[in-house]
Amino acid sequence: MTTPPRVRRNSAATPGPFVLDDLSKQIIEQLQADGRMPYAAIGKAVGLSEAAVRQRVQRLQEAGVMQIVAVTDPLTLGFPRQAMIGVNCEGDLDTVADELAAIEEIDYVVLTAGSFDLIVEVVCEGDGHLLEILSKIRAIPSVRTTESFVYLKLRKQTYSWGTR
């Protein structure tokens, strides 16, 4: 699944959850439905002024709670190969995660429990490009093994999970 750009979190200490009030949740849900919705329209929907919505959105962005980004279709932009890569490594996972995050083509890095220590997602220009990225990953000294999961067809991609 192709993900929008993520907020890079401090690997040493991730802060606890950001507490959202009902109005902030409603604003987020409006933006998840339409990221280009004018603040005045959001204000009308949630019962706030345009200025109040603008301030809340700015605070939410500054706190890393959300980003407003354009989500693109990699295929239409000339990136026909996408893959998830499972990585097993030795040593400090945070260090390896930081090294992986520094690779430009990797757009998603997560530490996991299960069969892999880390999972990364890549968007590539083709199979040769995927091979180059795999070579970069395998060149990291602590990386022991990788396993690639090449995307054949994307069936669902959504960012509208709400705020619960």
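Nothing here was measured: the structure is a model prediction, and the numbers come from that model.

Asker: Is there a simple way to explain helix α4 (residues 93-101) in this structure?
Answerer: Counting along an α-helix, one turn takes 3.6 residues, and residues three or four places apart therefore face a common direction. Those residues of α4 that fall on the buried side of the exposure criterion are V96, A97, L100 and A101. Within α4, the buried residues cover an arc of 135 degrees as seen down the axis, which keeps them to one side. Looking at the buried residues of α4, the elements they touch are β1 (81-89), β2 (106-111), β3 (118-124), α5 (127-138) and β4 (143-150).

Asker: What is the right way to look at helix α3 (residues 50-62) in this model?
Answerer: Between its first and last C-alpha atoms α3 spans 18 Å; for 13 residues at 1.5 Å apiece the expected length is 18 Å, and the two agree. Restricting attention to buried positions, one finds in α3 the residues V53, R56, V57 and L60. Summarising the axial view, the buried residues of α3 lie within an arc of 100 degrees, below the 170-degree limit, and thus occupy one face. Among the exposed residues of α3, those pointing more than 90 degrees away from its buried face are Q55 and E62. Against α1 (22-33) and α2 (39-46) lie the buried residues of α3.

Asker: Just to check I follow, could you spell out the pairing of β2 for this structure?
Answerer: Regular strands show a simple pattern: their side chains alternate between the two faces of the sheet. The sheet contact formed by β2 and β3 spans five bridges and is antiparallel. Within the sheet, the bridge partner assigned to Y108 lies in β3 and is E121. Between β2 and the antiparallel strand that follows it, β3, lie six residues; G114 among them carries a positive phi value of about 125 degrees.

Asker: Sorry, what's going on with the packing of α1 against α3 here?
Answerer: A pair of packed helices can be characterised by two numbers: the angle between their axes and the separation between those axes. At a closest axis distance of 11 Å, the pairing of α1 and α3 adopts a crossing angle of 85 degrees. Taken together, the axis directions place α1 and α3 in an arrangement best described as roughly perpendicular. Between α1 and α3, the contacting residues are L23, S24, I27, I28 and L31 on the first element and V53, R56, V57 and L60 on the second.

Asker: Could you clarify how one ought to interpret the pattern of salt bridges in this entry?
Answerer: When the charged atoms of two side chains with opposite charge come close together, those side chains can pair. With the rule as written, the count across this model stands at four salt bridges. With a closest N to O distance of 2.8 Å, R54 and E50 form a salt bridge. Here R54 and its partner E50 are both found in helix α3, four residues apart, which amounts to about one turn of the helix. Two residues, R81 and D127, come together in a salt bridge whose shortest N-O distance is 2.7 Å. Placement of the pair is R81 in strand β1 and D127 in helix α5, with a sequence separation of 46 residues. Judged by relative accessible area, R81 falls into the buried class, the value being 19%.

Asker: Mind showing me how you'd approach the environment of I140 here?
Answerer: Considering the arrangement of structural elements, one finds I140 in the loop between α5 and β4. Given the relative accessible area of 6%, I140 is considered buried. Spatially, the C-alpha atom of I140 lies 8.4 Å from that of L100, the residues being 40 residues apart in sequence.

Asker: Can you walk me through the side chain of N88 in this structure?
Answerer: Structurally, the position occupied by N88 is in strand β1. Polar contacts involving the side chain of N88 include one to the main-chain carbonyl oxygen of S115, which spans 3.4 Å. A distance of 3.3 Å separates a polar side-chain atom of N88 from the backbone nitrogen of D117. N88 has contacts with S115, F116, D117, S142, V143, R144 and T145, leaving out every residue within four places of it along the chain.

Rules and cut-offs
- Along every chain, residues carry numbers that run from 1 in the direction the sequence is written.
- Local features in this predicted model are restricted to residues of pLDDT 70 or higher, and side-chain atom pairs are both shown and tallied only at a pLDDT of 80 or more, whereas totals for entire chains, interfaces and linings draw on every residue.
- With hydrogens and water set aside, each side-chain value is computed from the structure's full complement of heavy atoms.
- Buried, partly exposed and exposed residues are distinguished by accessible area as a fraction of the type maximum, computed with a 1.4 Å probe on protein chains only: under 20%, between the cut-offs, and over 50%, respectively.
- Strands are runs of DSSP state E lasting at least 2 residues, helices are runs of H or I lasting at least 4, and numbering of each runs from the N terminus.
- Think of the arc as the fan of directions from the helix axis to the C-beta atoms.
- Residue contacts are counted whenever heavy atoms from the two residues lie within 4.5 Å of one another.
- By definition here, a helix of n residues has an expected span of 1.5 Å times n minus one.
- A strand pair is defined by DSSP finding two or more bridges across the two strands.
- Interaxial angles span 0 to 180 degrees and are taken between N-to-C directions of axes, which are lines fitted to C-alpha atoms, for helices over the stretch in contact.
- An angle below 35 degrees is read as roughly parallel, one above 145 as roughly antiparallel, one from 65 to 115 as roughly perpendicular, and any other as oblique.
- Any Lys or Arg side-chain nitrogen located within 4 Å of an Asp or Glu carboxyl oxygen qualifies as a salt bridge.
- Under this definition, polar contacts are N or O atom pairs within 3.5 Å; protein pairs additionally need one hydrogen-donor-capable and one acceptor-capable atom, and for neighbouring residues in sequence, both atoms have to be side-chain atoms.

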